[in-house]
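Below, each chain spelled out in residue letters.
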Amino acid sequence: MNPANGAHAAQASLLADAGRYLAGGGLGLFQLPADLNLVVARGEGSRIWDLAGGEYIDYHLSSGPALLGHAHPDVGAAVQAQLPKGTTYYFLNEPEIALAKKIVDAVPCADEVHYTGSGTEATFYALRIARARTGRNKVMKFEGAWHGMHDYGLWGTVPSTPSDYPRAKPDSVGVPAQTGDTVLVSPFNDAAAAVAMIEKNAKDLAAVIVEPLQRVLLPEPGFLQAVRDATRRHGIVLIFDEIVTGFRIAWGGAQEKYGVLPDMATYGKAVSGGFPLACIAGTADAMSPLDARKRDRSTVVWATNTLNGNPVCAAAGVAALDVLKRPGVYDRLRAIGSRLRKGIEESGAKHGFDVQCPGEDAVWGVRFTKKKPLRNWMDLTTADKALGLKWGLELLRRGILNNPNEKFYISIQHTDADVDHTLGVVDEAFAALKK
Ligand SMILES: Cc1ncc(COP(=O)(O)O)c(C=O)c1O
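Attention in this report is confined to the structure presented alongside it.

What follows covers the pairing of strand β6 (residues 183-186). Here β6 shows no split at all, with V183 and V185 on one side and L184 and S186 on the other all buried. Relative to β6, strand β5 (residues 138-142) is paired through four bridges, and the arrangement is parallel. When the bridges of β6 are listed, K141 appears paired with V185.

Overall, mixed pairing links the seven strands, which are arranged β4-β10-β9-β8-β7-β5-β6 in an open sheet. At either margin of the open sheet sits one strand with a lone partner, and together these are β4 (112-116) and β6. For this sheet the average axis-to-axis angle between neighbouring strands, irrespective of direction, equals 20°. In this sheet, strand β7 (residues 205-210) lies alongside β5 in parallel orientation, the contact comprising three bridges.

Spanning 16 residues, helix α4 (residues 119-134) covers 23 Å between terminal C-alpha atoms, matching the ideal 22 Å at 1.5 Å per step. Buried within α4 are the following residues: G119, A122, T123, Y125, A126, L127, I129, A130 and R131.

Next up on the list: the site of the ligand. In the vicinity of the ligand, the contacting residues are S118, G119, T120, W146, H147, G148, E211, R215, D241, I243, V244 and K269. Between T120 and the ligand, the recorded distance is 2.6 Å, taken from a side-chain N or O atom to an oxygen atom. In this structure, an oxygen atom belonging to the ligand sits 3.3 Å away from a side-chain N or O atom of R215. Protein chains shield 81% of the accessible area of the ligand, which is 390 Å² for the free molecule. Its residues assigned to classes, the shell around the ligand comprises three nonpolar, five polar and four charged.

Residues L29, W146 and M149 make up a contiguous nonpolar surface patch of about 350 Å² in total accessible area. By the element assignment, M149 lies in the loop between β5 and β6.

Taken as a whole and judged by the stated rule, the model has zero disulfides. Between C279, a cysteine without a disulfide, and C109, which holds the nearest cysteine sulfur, the sulfur-to-sulfur distance is 10 Å.

Another aspect to go through is the sheet that holds strand β13 (residues 363-364). A sheet is described by the order of its strands in space; here three strands give the open sequence β12-β13-β16, paired in antiparallel fashion. Looking at strand neighbours, the two that pair on one side only are β12 (359-360) and β16 (408-409), the edges of this open sheet. The pairing of β12 with β13 spans two bridges and is antiparallel. Bridge pairing in β13 links E360 to V363.

Rules and cut-offs
- Residues numbered from 1 in each chain as written.
- Predicted model: local features only at pLDDT ≥ 70, side-chain atom pairs only at ≥ 80, totals over all residues.
- Heavy atoms only, no water.
- Buried < 20%, exposed > 50% of the residue type's maximum accessible area, 1.4 Å probe, protein only.
- Helix = DSSP H or I, 4+ residues; strand = E, 2+ residues; numbered from the N terminus.
- Pairing = 2+ DSSP bridges.
- Axes fitted to C-alpha atoms, helices over the stretch in contact; angles between N-to-C directions.
- Expected span 1.5 Å × (residues − 1).
- Near = heavy atom within 4 Å.
- Polar contact = N/O pair within 3.5 Å; in protein donor to acceptor, adjacent residues only side chain to side chain.
- Areas by Shrake-Rupley, 256 points an atom, 1.4 Å probe, with all protein chains shown as cover.
- Nonpolar A, V, L, I, M, F, W, Y, C, P; charged D, E, K, R; others polar.
- Patch = residues over 30% accessible without salt bridge, like charges linked within 9 Å, V, L, I, M, F, W, Y side chains within 5 Å.
- Salt bridge = Lys/Arg side-chain N within 4 Å of Asp/Glu carboxyl O.
- Disulfide = S-S within 2.5 Å.

And the structure:
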């Protein structure tokens, strides 16, 4: 048998097993169409290979964690060094303490860190800590913001019509309707509306949680500061969800880049070099409900999980942050990302499409819409998603790994040659779309 046919057959067989043995045939909401579905065999640098031998330039980066690219040697070496010493202890260990120190050093608002296993747990616990800190029950989020899969995050994340602010619809079935009584939703980038909602509900509000770069939407000047000022006036905990922006849009994340300090911030994805670890970082005051040394045990927030601060993940994180701290890293991410964004917009315009690439250079989206500027979730719903999907699949067919209508992530291992090649493919994809 031709080896290529054999490889295709092996991939097809595994895909059939995935369809049979994995719930829903995959890992969750993200699914490729059957004819383009793939099983990853390996990744290296900016590339991914599938089992059938297909090679892709990866702009999905595992939905963000692979900021250092795949199989970065420094992360690999740190993990290899840790593995023979054991993979989990529950008790304190050197890598987790070293990583906490580095995070506190990098994150402007942070005095201390609490580890979690996933970003979802980080935002979930951050909200619980805020309730404990304030003695209030309600939390406020912004329409279109993604804070993970827990019951308090899944309100007004992807509505197709405007929410009935401050009420929003649940995103997932199975979310208890009662949770919605405690989650207020406001439109992003509308400082007046956000401040009015905060003022009106101040006595009940424990926290405002915000993605400072909301998916691909830049915060307008003054928006984050207005939310900061209003929350501070009323003793409400301000949480920046930096699970995407942390260590990516700047070493100190969005709070450094936009110059506004929250009380707490959540980190995941890039913070641990592609290994499963996340955390909450915050001021000692905001984090105080976690401190059983200073409080009566009955007033301590429970946020303990078996694998928190896992030494393998923390060792990977220490190595990853050491790489990210090197001079020039963020300039390079910006240079690569901005060339690609500009090139896509130019190519789209050349082929007659209204296409734009909102976001920051290290993470941005491609949206087929005339509407400018894109300020909030409802603006994003003007984008032609069917066209976005078709275009993304044309790229995929030509070896550019992406999640259509979502985000492009840039790694420190994407090269100028990758951008040149990608822009050639982008041009072909727009041409194919026109047909
Ligand atoms: C901003 C933001 N917060 C929270 C999460 C949830 O993180 P996780 O998928 O690790 O649970 C995500 C995931 O994409 C995210 O983008």
